[in-house]
Amino acid sequence: MSKQTSLRKYGKQSKKSKGDRLFVELPQTPVRNPPKAIESIGDLDNGVLEELASKISIINIKDELPAPSVPVRRSPRRKHQHAPAASPRPTPAKLQTPRVVLSPVISTATESSTIEAAETDGELQILSWVDICPTGDKIVKIAEASYAEVYRVTNERGTSIIKVIRMESPIKVQTKAQQKSGLVDEEPHSESDLIGELKISEWLADIPGFVVYKERYIVQGKACKELLETHQSFHKKLKRQDPDRLQFYPSPSRYLDGTKFLVVELGDAGIALEDFKLESSDQLWDIFFHVAIALARAEAHIEFEHRDLHEGNLCIRKTGEPIPIEDRDRSSRFGFSGLEITILDYGLSRAHADHQLENSQPIAYDLERDLSIFTSEHATQCEVYRRMRSFLLRGDRTCLPPQSHKKAYEEGIDGPITWARHEPYTNVLWLAYLYEWMVGHFRGTKKELNAFKRLTKELWLYLNPDADDSVPSFGSASDVVRFAVEAGWIEEDQLMGVREDIEKSILSILANDNDLDGDQDGEGNTELVARRSPRRRPQRSAV
């Protein structure tokens, strides 16, 4: 590896002592704790399941921005570890939760013989599609997430988002026309497939910027007319945008009396980024750094990696008016758009709430179960999936082509691939994807866009997954946020959350010189050194 180069400091250095910042250290990346086996879905305590739907509520990020502490790691070289056993496939387990009561948004006015009572108090309530969207309510399909369809349901009481996951149950076979159109049916899932995601959502409940689940229930039976209409409208719109796009979810016209779905109800977080019109550079600054700050907090709190953070999994909502330049009382770049950003969908995520406890285990979706996510080329984000897996295999920036991802649990430089490991560099890959996507879809003036690109040129240099191997690289979202504070784009007081517990969950990004260990020169001066490319050295056999 070439000699590390130092990165000049940005912005004013904080004069506060480290103790005054009230924050704890983030995990230093990319050094990894000894890998732990993925927690088996079947091993989860039933008591955890009983609390999931009742504990969580939507979190606003408008008034609760993060703040960090302590130096980030200088080199993306990672310490060698013994490879853990191959990630076990989750064992299906029957979902045990108390019977749920619908939230006010989903109408229960039709609760009669059409609403089937749960067989026992330990099972989820079973509803029909008419119960979900009775006459007078409006249902609109808004997205297709990992292994789920997403709808918005609106009535006089408010709005909710429902995430719909098809379970193992009968469905009509495809017609010849559907086969000819290239319809690819998403594989059905057991109830237990969602348990890990629900548990992660509970861990994220106190961190601003993440959506959390309100309720869950079973929907069974044939589709209502409204569901079929919005499904058709959604795919017609996508076909106009991308004629070659495949349809991955069965048409509601194929639902039978026994077709079942697990439905998770969320609070309404606005519209998906892919449907939001980006018209000002203030929006670019706020969306990117709201996401980076939320990820940095989650890295610190639960060693979180999203692993699927494309434009469909970010929601945007207007919560205030943009602040004109002449009315601003600070010189930073962050916090002027009037937007609130919420991160959705933890279906592919990894998190570890008790990572400081020796025998605790992480929750991580095992992506080796279906390698088609790495071989597919139907969408631009597929390359990011390949980059994540390539990093596990090689430990550098090289992105292996689709044909190199056909052997599950392949041997990497640290042993067989396991998605249980904490690799915060995956968050950097998704931040790089977000940056490129927003720049490519900006609809404001060229002057504003060029100014944004010029100001963030060095940020992109260290984000760029295609950068030369000699170029330093961010190793985590925490590194990205630290860079922004030192550049003067985010002010330290903007990172102060309202709640003390949340304040303590993220790195204090500005550190005093004496807080940086091992980077001082002979005269006691400290230089901030950017992380190099995340290249890892192969392990050597024990003598």
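Up top is the structure these notes are about.
Fair warning: this is a prediction, and the values are worked out from it, not measured in the lab.

Draft legend 1. Region of the structure containing the nonpolar core. In terms of nonpolar packing, the biggest core is built from 101 residues, with Phe288, Phe289, Phe304, Leu459 and Leu463 touching the most fellow members. If you tally residues by element for this core, the top one is helix 6 (residues 281–302), at 13 residues. With residues up to four places along the chain from it excluded, the contact list for Leu459 reads Phe288, Phe289, Tyr435, Phe474, Val480, Phe483 and Trp489. Residues Cys133, Val153, Val164 and Tyr255 belong to the second largest nonpolar core, which totals 17 residues.

Draft legend 2. Molecular detail of the sheet that holds strand 8 (residues 314–318). As summarised here, the arrangement of the three strands in space is 7-8-9, forming an open sheet in which the pairing is antiparallel. At either end of the open sheet lies a strand with only one pairing partner, and these are strand 7 (271–272) and strand 9 (339–343). In terms of strand pairing, strand 7 meets strand 8 through two bridges, oriented antiparallel. Residue pairing across strands places Ile271 opposite Ile316, the latter belonging to strand 8. Strand contacts of helix 6: strand 8 and strand 9, with the helix running at about 40° to strand 9, the strand carrying the most contacts.

Draft legend 3. Spatial organisation of the packing of aromatic side chains. Scanning all chains against the criterion turns up 22 aromatic pairs. One aromatic cluster is present, formed by Trp285, Phe288, Phe289, Tyr435, Phe452, Trp460, Tyr462, Phe474, Phe483 and Trp489 through successive ring pairs. Taking NZ or CZ as reference, Arg328 lies 4.1 Å from the ring centre of Phe336, over its face. Directly above the ring of Phe374 sits Arg389, whose terminal nitrogen or CZ lies 5.5 Å from the centroid.

Draft legend 4. Representation of the environment of Asp466. With respect to the helices and strands, the residue Asp466 is situated in the loop between helix 11 (457–463) and helix 12 (477–486). Look at Asp466 and you get exposed, because its relative accessible area is 57%. Distance in space between the C-alpha atoms of Asp466 and Arg397 is 6.8 Å, their sequence separation being 69 residues. A polar contact of 2.6 Å, which involves the side chain of Asp466, links it to the side chain of Arg387.

Draft legend 5. Spotlight on the sheet that holds strand 5 (residues 213–220). Strands sit in the order 1-5-6-4-3-2 across an open sheet of six strands; the sheet is mixed. Strands with a single pairing partner mark the edges of an open sheet, and in this sheet they are strand 1 (126–127) and strand 2 (138–145). Pairing of strand 3 (residues 148–155) with strand 4 (residues 158–166), which is carried by seven bridges, proceeds in the antiparallel orientation. From the neighbouring strand, Tyr151 faces strand 4, where its bridge partner is Ile162.

Draft legend 6. Here's a closer look at empty space enclosed by the protein. Enumeration over the complete set of coordinates arrives at eight cavities of 30 Å³ or more. Size it by volume and the second largest cavity reaches roughly 160 Å³. Of all the secondary-structure elements, those providing two or more residues to the lining of the second largest cavity are strand 2, strand 4 and strand 6 (260–267). In terms of residue count, strand 2 provides more of the lining of the second largest cavity than any other element does, three residues in total. Taken together, the residues of the lining of the second largest cavity break down into twelve nonpolar, four polar and four charged.

Draft legend 7. The packing of helix 6 against helix 9 (residues 425–440), seen in detail. Between helix 6 and helix 9, the least distance of the axes is 10 Å, while the angle of their chain directions is 170°. In this view, helix 6 runs roughly antiparallel relative to helix 9, as classed from their interaxial angle. Within the contact between the two elements, helix 6 uses Leu284, Ile287, Phe288, Val291, Ala292, Leu295 and Glu299 and helix 9 uses Asn427, Leu431, Leu434, Tyr435 and Met438. Looking at side-chain class alone, the contact of helix 6 with helix 9 contains ten nonpolar, one polar and one charged residues.

Draft legend 8. Seen up close, unusual backbone geometry. For Arg307, which is not glycine, the phi torsion reads 70° and is therefore positive. Structurally, the position occupied by Arg307 is in the loop between helix 6 and strand 8. Overall, the relative accessible area of 1% leaves Arg307 in the buried class. Here Asp345, not a glycine, exhibits a phi torsion of approximately 65°, which is positive.

Here is what the cut-offs are and how they apply
- Residues numbered from 1 in each chain as written.
- Predicted model: local features only at pLDDT ≥ 70, side-chain atom pairs only at ≥ 80, totals over all residues.
- Heavy atoms only, no water.
- Core = buried A, V, L, I, M, F, W, Y, C linked by side-chain atoms within 4.5 Å.
- Buried < 20%, exposed > 50% of the residue type's maximum accessible area, 1.4 Å probe, protein only.
- Helix = DSSP H or I, 4+ residues; strand = E, 2+ residues; numbered from the N terminus.
- Contact = heavy atoms within 4.5 Å.
- Pairing = 2+ DSSP bridges.
- Axes fitted to C-alpha atoms, helices over the stretch in contact; angles between N-to-C directions.
- Phe/Tyr/Trp six-rings, centres within 6.5 Å; stacked < 30°, edge-to-face > 60°.
- Lys NZ or Arg CZ within 6 Å of the ring centre and 35° of its normal.
- Polar contact = N/O pair within 3.5 Å; in protein donor to acceptor, adjacent residues only side chain to side chain.
- 1 Å grid on protein atoms, 1.4 Å probe; cavity = no way out; pocket = protein on both sides within 12 Å on 5 of 7 lines; lining within 4 Å.
- Points joined across faces, edges and corners; volume = space filled by probe spheres on them.
- Nonpolar A, V, L, I, M, F, W, Y, C, P; charged D, E, K, R; others polar.
- Parallel < 35°, antiparallel > 145°, perpendicular 65-115°, else oblique.

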